[in-house]
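Below, each chain spelled out in residue letters.
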Amino acid sequence: MKSVLVISARDNVATALVPLDAGTRLDLDGTTVVVCDVIPTGHKVAIASIRAGEAVIKYGSPIGAASADIAPGAHVHIHNVASNRGRGDLSGSAGESRLAEPT
Amino acid sequence: MPERVRPGFLGYKRPDGRVGTRNHLLVVPTVICASVVAERIAAAVGPACAALPHLAGCGQLGPDMRVTHDTLAAYCAHPNVGAVLVVALGCEQVMANVLADVARQHRKPVAIVAIQSEGGTVRTIEAGTRIGLELSATISTQEREWCDIADLVLSLKCGGSDYTSGLASNPALGRVTDRLVAAGGSAVLGEIAEIMGAEHLLAARATRPATAAQLIQVITRVETETRALGLDIRGTQPSPGNIRGGLTTIEEKSLGATHKGGEHAPLEDVVAYAAPIRRKGLTVMDTPGLDVEAVTGMVGGGAQVVVFTTGLGTPTGNPIAPVIKVTGNARTAQHLADNIDVDVSGIMDDSETLASAADRLFLEILAVASGRPTATETLGHREFAIHRRNPTI
């Protein structure tokens, strides 16, 4: 059984299929990523460098924008990713993609 | 070479041409005030008798009143219902005789009892139980017959999602959807908020430009409503349990959830809450994400079987349609075993292929459509909730 799953070749995150400790090496199609956080099962780990404001890609589609710079191997979750959709707390019109405010 | 036998199931062929997977006597209260009486009548008549207790039917404004009436009428017309007993109070907005007329138009035996004219709770339960037993005996002689898979309308639902939903149970259900639609059947997807972020994938499969435009329109409406409230959808979508399970944003949840609709099935139609599913193939219904309201609407639209995928596990069912619970989470399959019908967690640890899990699920759907009880039915989970959008007056 694999320890992580990358769903689409376009993805910049992988899903942990088992709990990953910091320091775990992930060998993914030619690149190696060293996990730098504790990643619970089902949570996401960055497999590329993602700059603040850039799209986080899973299933080959954007799932939100990075709200901080994310290093390869880092835990990717609500602390560093913000949704672009249904955000009444942000100004703007419906359907318009918005970036998270810098934190 | 002999022609391959088409898949099918043993269903109830109704006089109006529709096909049911169950043969319930439906005891439908017109209004919340008649709900307890309706439930007691149903309990006295027996297990094949389903009450439809609800919180509406009076004090509602135009559009909500319409939805309440249309939803109750849709259940009276539903092919999983063999006969209807309407329980009225007497002074409410929903008209008992209009609901009874709907049942008659679909050539179902029907009767009305009213609390104010019968003379109170005890007399209405007594009269309703007597009439209910007669109606129940009348429909009990109807037998199941072989029905083609094209007669099946499947409701696709997910709830209590976690990371396994998008990787195992929803893709397995998606394969079933593609197979069902390719064979001429129908499937309906609801939960507009949980298409948000994945609408581009569904819109690209629309058979008409107008259908794609309608899909985008309902999604924009939900998003605009959220923004108009000045609220952040993140407080509820994803839910706290979704977030613990590893889902970060509504877009991620939606991309996983939309797998239920398959990869190939063309999007044929977009319909209003509890409105009739008019076309074969894949339909999107405008329902909220709240599980029971969503399932209530999709069954109202005509779905005779619900397939409900879950990661964390959830017990809810429906009064007249079997709800098949599917999980890709091995812990949930064990820990909530009494609520789970199909375990597809083998997809996660590579002990089963997606194709094999989808085959098992397809056969289970046909067995359930033919009468095999689901966990929701065995446990008596008959949750029912009509979607409402406006204040009660």
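Note that the structure is predicted; figures quoted are calculated from it, not measured.

## Topic: the overall build of chain B
Across its full length, chain B holds 14 helices and 14 strands. At 21 Å, chain B has a C-alpha radius of gyration in line with the 21 Å of a compact globule built from 393 residues. Judged by the C-alpha coordinates and their principal axes, chain B covers about 60 × 60 × 45 Å. Looking at chain B as a whole, 62% of its 393 residues are labelled buried.

## Overview of the confidence of the model for chain B
On average, residues of chain B carry a pLDDT of 94, and 97% of them reach 70 or more. Across the interfaces of the predicted complex, the ipTM metric reaches 0.86, alongside a pTM of 0.92.

## Considering the pairing of strand β10 (residues 267-271) of chain B
In the case of a regular strand, side chains alternate between the two sheet surfaces. Residue and element names in this part refer to chain B. The buried fraction of β10 amounts to five of the five residues, a majority that puts the element mostly inside the structure. For β10 and strand β11 (residues 281-285), the ladder comprises four bridges, and the chain directions are parallel. Note that in β11 the partner of V270 across the bridge is V284.

## Some remarks on helix α2 (residues 62-77) of chain B
Residues and elements named next belong to chain B. An ideal rise of 1.5 Å per residue puts 22 Å on 16 residues; α2 measures up with 22 Å between its terminal C-alpha atoms. The complete set of buried residues in α2 reads D64, M65, T68, H69, T71, L72, A73, A74, Y75, C76 and A77. Packing partners of the buried residues in α2 comprise β3 (24-29), β5 (81-88), α3 (96-105) and α11 (291-300).

## Let's talk about the layout of surface pockets
Size it by volume and the largest pocket reaches roughly 990 Å³. Lining the largest pocket are 41 residues; nearest its centre among them are A193, V222, P288, G289 and L290 of chain B. Ranked by residues supplied to the lining of the largest pocket, first place goes to helix α8 (residues 209-228) of chain B with six residues. Its residues assigned to classes, the lining of the largest pocket comprises 17 nonpolar, 15 polar and nine charged. Quantified by volume, the second largest pocket comes out at close to 630 Å³. Forming the boundary of the second largest pocket are 22 residues, of which I7 and Y59 of chain A together with G166, H259 and E263 of chain B lie nearest the centre. Residue contributions to the lining of the second largest pocket peak at three residues, all from helix α6 (residues 163-182) of chain B. A class-by-class count of the residues in the lining of the second largest pocket yields eleven nonpolar, six polar and five charged.

## Let's talk about the sheet that holds β10 of chain B
The parallel open sheet is built from seven strands, whose spatial order is β10-β11-β9-β8-β12-β13-β14 (chain B). Only two strands of the sheet have a single partner each, and these edge strands are β10 and β14 (342-343) of chain B.

## As for the side chain of K253 of chain B
Tracing the backbone through its elements, the reader meets K253 of chain B in helix α10 (residues 250-257). Ignoring sequence-local partners within four residues, the contact set of K253 of chain B consists of E194, Q237, P238, S239, N242 and L247 of chain B.

## Some thoughts on the packing of aromatic side chains
All names here are of chain B. Evaluation of the coordinates by the stated rule reveals one aromatic pair over all chains. Measuring from centroid to centroid gives 5.0 Å for Y75 and F384, while their planes differ by 85°, and the two rings are edge-to-face. Of this pair, Y75 sits in helix α2 while F384 sits in the segment after α14 (375-379), placing them 309 residues apart in sequence. For F384, a relative accessible area of 11% corresponds to the buried category. Positioned above the aromatic ring of F308 is the side chain of K157, whose terminal nitrogen or guanidinium carbon lies 5.1 Å from the ring centre. A cation sits over an aromatic face here: K325 above F308, 4.8 Å from the ring centre.

Definitions and cut-offs
Residues numbered from 1 in each chain as written. Chains lettered and ligands numbered in written order. Predicted model: local features only at pLDDT ≥ 70, side-chain atom pairs only at ≥ 80, totals over all residues. Heavy atoms only, no water. Helix = DSSP H or I, 4+ residues; strand = E, 2+ residues; numbered from the N terminus. Rg over C-alpha atoms; globule rule 2.2 N^0.38 Å. Buried < 20%, exposed > 50% of the residue type's maximum accessible area, 1.4 Å probe, protein only. pLDDT = per-residue confidence, 0-100. Pairing = 2+ DSSP bridges. Expected span 1.5 Å × (residues − 1). Contact = heavy atoms within 4.5 Å. 1 Å grid on protein atoms, 1.4 Å probe; cavity = no way out; pocket = protein on both sides within 12 Å on 5 of 7 lines; lining within 4 Å. Points joined across faces, edges and corners; volume = space filled by probe spheres on them. Nonpolar A, V, L, I, M, F, W, Y, C, P; charged D, E, K, R; others polar. Phe/Tyr/Trp six-rings, centres within 6.5 Å; stacked < 30°, edge-to-face > 60°. Lys NZ or Arg CZ within 6 Å of the ring centre and 35° of its normal.

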